[in-house]
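# Structural description and commentary
Spelled out from the first residue to the last, the chains are:
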Amino acid sequence: MRAFAFYLVLLLATPLAALAVVLPANVYRAQGIAAPDCDGPLQVLIFAVPAILIYGAGALLTYRAGRSFHRLVFLLCLMIALATVPNIAEAVHELYRNAAAGECLR
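Residues numbered from 1 in each chain as written. Predicted model: local features only at pLDDT ≥ 70, side-chain atom pairs only at ≥ 80, totals over all residues. Heavy atoms only, no water.

## Concerning the environment of Ile88
Put simply, the test is: In DSSP terms, a helix is any run of H or I states spanning at least four residues, a strand is any run of E spanning at least two, and both are numbered starting from the N terminus. Only heavy atoms matter for contacts: two residues are in contact if any of them lie within 4.5 Å across the pair.
By the secondary structure assignment, Ile88 is in helix α5 (residues 68–101). Residues Ile88 and Leu19, spaced 69 residues apart in sequence, show a C-alpha to C-alpha distance of 12 Å. Leave out the neighbours within four places in its chain, and Ile88 touches Leu45, Ala48, Val49 and Ile52.

Encoded structure:
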């Protein structure tokens, strides 16, 4: 029963991971406009941090199981977790860029 709940959590977190990978940290720069996006980095981090925690834990737990099916799930979890890392780095870079330029002060 625990394995079923574990796989259900991974399955339900798939849209969260998809948003974490797809959302740009600065919507304006993605459209070609040189303007600060004060909400973009936080919107990315809201989806990306839980996704990397869920799929990173999933990769760790399935790697320890050792069966061939678990190795496949391990590779899928690892790929999803690693796919979110560049978007997290871009969001953090955008936060520092806005702070250094004095933009987005509230």
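## With respect to the layout of surface pockets
Heads up, the condition is: Cavities and pockets are found on a 1 Å grid laid over the protein atoms alone: a cavity is a set of points where a 1.4 Å probe fits but cannot escape, a pocket is an open set with protein on both sides within 12 Å along at least five of seven lines, and a lining residue has an atom within 4 Å of such a point. Grid points are joined across faces, edges and corners, and a volume is the space filled by probe spheres set on the points. For this classification, the nonpolar set comprises Ala, Val, Leu, Ile, Met, Phe, Trp, Tyr, Cys and Pro, the charged set comprises Asp, Glu, Lys and Arg, and every other residue, Gly included, is treated as polar.
Roughly 200 Å³ of internal volume is contained in the largest pocket. In terms of lining residues, the largest pocket is bounded by Tyr7, Leu10, Leu11, Thr14, Tyr55, Val73, Leu76, Cys77 and Ile80. Of all elements in the fold, only α1 (2–12) and α5 reach the threshold of two or more residues within the lining of the largest pocket. Broken down by element, the residue count for the lining of the largest pocket peaks at four residues, all from α5. Looking at the lining of the largest pocket residue by residue, the classes come out as eight nonpolar, one polar and no charged.

## Concerning the side chain of Asn26
Rules: Only protein chains enter the accessibility calculation, which uses a 1.4 Å probe. A residue is then buried if its area is under 20% of the maximum for its type, exposed if over 50%, and partly exposed in between. By the criterion applied in these results, polar contacts are pairs of N or O atoms within 3.5 Å in which, for protein atoms, one can donate a hydrogen and the other can accept it, and in which residues neighboring in sequence qualify only through two side-chain atoms.
With respect to the secondary-structure elements, Asn26 resides in the loop between α2 (14–22) and α3 (27–30). A residue is classified by how much of its surface remains accessible, and Asn26, at 3% relative accessible area, is buried. A distance of 2.9 Å separates a polar atom in the side chain of Asn26 from a polar atom in the side chain of Glu94. If near-sequence neighbours (up to four positions away) are discounted, Asn26 is found in contact with Ala35, Pro36, Asp37 and Glu94.

## Side note on the packing of aromatic side chains
For clarity, the threshold we go by: Planes of paired rings set the category: under 30 degrees apart is stacked, over 60 is edge-to-face and the rest tilted, where pairs are Phe, Tyr or Trp rings (Trp by its six-membered ring) whose centres lie within 6.5 Å. Should the NZ of a Lys or the CZ of an Arg lie within 6 Å of a ring centre and within 35 degrees of the ring normal, that charge is described as sitting over the ring.
Tallied over the entire structure, the rule returns three aromatic pairs. Summarising the aromatic geometry, the rings of Tyr7 and Phe69 are spaced 5.8 Å apart at their centres and angled 70° between planes, so their arrangement reads as edge-to-face. Of this pair, Tyr7 sits in helix α1 while Phe69 sits in helix α5, and the two are 62 residues apart along the sequence. Judged by its relative accessible area of 23%, Tyr7 is partly exposed. Among the residues examined, Phe69 registers a relative accessible area of 48% and is labelled partly exposed. Ring pairing ties together the aromatic residues Phe6, Tyr7 and Phe69, which thus form one cluster. Here Arg71 stacks its cationic end above the ring of Tyr63, 4.7 Å away from the centre of that ring.

Interpretation in functional terms is not warranted from these geometric data alone.
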